[in-house]
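Each chain, written out:
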Amino acid sequence: EQEILSEEHAGLVSASDKRRPRLGHLLVRSGALSEEMLKVSLEHQEKIGIRLGEALVELNFVTEEVMRQTLCTQLNIPFINFDNIQVDRTLSRVINKNYAQRHRIVPVAKIGRTMTLVMDDPTQTELVEELEAFTGFTINVVTSTRAGIVDAFSRLYEDKQPSGMHLGLQVIDEEGSETECLSKY
């Protein structure tokens, strides 16, 4: 026998399926952006084919830091300012420099089997899953400004102008030997 979904149950189903707030609406609600600026940014985004956050910064409606901090609120992840943070230099052996450069990521800390990874695009869940599979670490994602990420990259890999496009990961096993893993990206 078929059951009919009551209005009360339908409300519960739709309430449990709520999406996270949109970046533009968060910025408008916070007062950092007007509705008109959001409209212009959305048009610019569609015309140029870039993400909304990039459009907002490109149009000088918000700073990159404000956009990134709001993105962190939206995604429920931390925003990190690298000015006073020490990068764990041993992590340069866990993720290959060229792979990190290509994906704009930097491993910055490790506690036990958990690694903290700063990502330029923290929405790349497939990349996080790939890294967890290859490294055996649980990944905590954080983000920063692009300048902060470049600074962390330079401090970790000691190269101000990283180059190369090798797509491998170097995974260090328990004995300290390196194994090369190729990425599908």
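Just so it is clear, the structure is predicted and the values come from calculations on it, not from any experiment.

Novice: Explanation requested: the environment of Met119 in the structure shown.
Specialist: Residue position: Met119 is located in strand S2 (residues 114-119). With a relative accessible area of 0%, Met119 lands in the buried category. A sequence separation of 27 residues divides Met119 from Arg146, and the C-alpha atoms of the two residues are 9.3 Å apart. With residues up to four places along the chain from it excluded, the contact list for Met119 reads Arg68, Arg104, Ile105, Gln124, Leu127, Val128, Val141, Val142, Thr143 and Ile149.

Novice: Help me understand the packing of helix H2 (residues 23-30) against helix H5 (residues 64-75) in this model?
Specialist: Two elements in contact, H2 and H5, have axes separated by 10 Å at closest approach and are oriented at 110°. Looking at the two axes, H2 sits roughly perpendicular to H5. Here the hand of the crossing between H2 and H5 comes out right-handed. Of the residues in H5, those touching H2 at Leu23, Leu26 and Leu27 are Val66, Met67, Thr70, Leu71 and Gln74. Its residues assigned to classes, the contact of H2 with H5 comprises six nonpolar, two polar and no charged.

Novice: Sorry if this is basic, but what is going on with the sheet that holds strand S1 (residues 105-111) here?
Specialist: Neighbouring strands of a sheet are bound in pairs by backbone hydrogen bonds; such pairs are parallel or else antiparallel. Taking strand neighbours across the sheet as the criterion, the three strands line up as S1-S2-S3 in an open arrangement whose pairing is mixed. Each of the sheet's edge strands pairs with one partner strand only, and the pair in question is S1 and strand S3 (138-142). Looking at each pair of strands side by side, their axes are set apart by 30° on average, direction ignored. In the sheet, S1 pairs with S2 via six bridges, with the strands oriented antiparallel.

Novice: Can you walk me through helix H3 (residues 35-48) in this structure?
Specialist: Since the α-helix turns once every 3.6 residues, residues separated by three or four places project in the same direction. Taking 1.5 Å per residue as the helical rise, H3 with its 14 residues ought to reach 20 Å, and the 20 Å between its terminal C-alpha atoms agrees with that figure. One or two residues past the end of H3 sits Gly49, with phi positive at roughly 80°.

Conventions we followed
Residues numbered from 1 in each chain as written. Predicted model: local features only at pLDDT ≥ 70, side-chain atom pairs only at ≥ 80, totals over all residues. Heavy atoms only, no water. Helix = DSSP H or I, 4+ residues; strand = E, 2+ residues; numbered from the N terminus. Buried < 20%, exposed > 50% of the residue type's maximum accessible area, 1.4 Å probe, protein only. Contact = heavy atoms within 4.5 Å. Axes fitted to C-alpha atoms, helices over the stretch in contact; angles between N-to-C directions. Parallel < 35°, antiparallel > 145°, perpendicular 65-115°, else oblique. Left-handed = near helix turned anticlockwise from the far one by under 90°. Nonpolar A, V, L, I, M, F, W, Y, C, P; charged D, E, K, R; others polar. Pairing = 2+ DSSP bridges. Expected span 1.5 Å × (residues − 1).

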